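Read off the chains here:
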Amino acid sequence: MVLYYIEMKYNELQRPLPKLPVPDLHRTLTKYEDILQPILTPIQLKKAKELILDFGQKGGHGEHLQELLALEAETKENWVNLISC
């Protein structure tokens with residue numbers, strides 16, 4: 001009986017977690033570049049910066065993929081799971 005009461009109270013207190021927001025693309029790319037800096041050679045870093053800039057340009061692949069991810073985030077309970085599949 002006590003266990004049943006505890007379980008009922010536990011279930012009453014449970015609230016669904018809010019959905020995770022989709023991070024801003026350009027903020028993410030900036031962080032990515034910062035992370036790469038200490039582990040790449042200057043030549044590799046220059047190439048990586050070029051790729052990051054190209055990926056994040058207006059109307060580029062990054063914006064397109066970001067829009068698709070935002071749409072998925074609206075319809076799915078957890079958009080993070082989409083990445084690991």
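No experiment lies behind these values; they were computed from the predicted model shown.

## Some details on a nonpolar patch on the surface
Thinking step 1. A contiguous nonpolar surface patch, about 350 Å² in accessible area, is contributed by Phe 55, Leu 65, Leu 68 and Leu 71.
Thinking step 2. A total of three residues in the nonpolar patch trace back to one element, the largest contributor, which is helix α4 (residues 61–75).
Thinking step 3. With respect to the element layout, Leu 68 can be found in helix α4.
Thinking step 4. With a relative accessible area of 41%, Leu 68 lands in the partly exposed category.

## Focus on the packing of helix α2 (residues 25–36) against helix α3 (residues 42–56)
Thinking step 1. Axis separation between α2 and α3 bottoms out at 11 Å; the angle between their running directions is 175°. Classed by the angle they form, the pair α2 and α3 counts as roughly antiparallel. Here Leu 25, His 26, Leu 29, Tyr 32, Glu 33 and Leu 36 of α2 lie close against α3, whose contacting residues are Leu 45, Ala 48, Lys 49, Ile 52, Phe 55 and Gly 56.
Thinking step 2. Here the contact of α2 with α3 is composed, by residue class, of eight nonpolar, two polar and two charged.

About the cut-offs
- Residues numbered from 1 in each chain as written.
- Predicted model: local features only at pLDDT ≥ 70, side-chain atom pairs only at ≥ 80, totals over all residues.
- Heavy atoms only, no water.
- Patch = residues over 30% accessible without salt bridge, like charges linked within 9 Å, V, L, I, M, F, W, Y side chains within 5 Å.
- Areas by Shrake-Rupley, 256 points an atom, 1.4 Å probe, with all protein chains shown as cover.
- Salt bridge = Lys/Arg side-chain N within 4 Å of Asp/Glu carboxyl O.
- Helix = DSSP H or I, 4+ residues; strand = E, 2+ residues; numbered from the N terminus.
- Buried < 20%, exposed > 50% of the residue type's maximum accessible area, 1.4 Å probe, protein only.
- Axes fitted to C-alpha atoms, helices over the stretch in contact; angles between N-to-C directions.
- Parallel < 35°, antiparallel > 145°, perpendicular 65-115°, else oblique.
- Contact = heavy atoms within 4.5 Å.
- Nonpolar A, V, L, I, M, F, W, Y, C, P; charged D, E, K, R; others polar.

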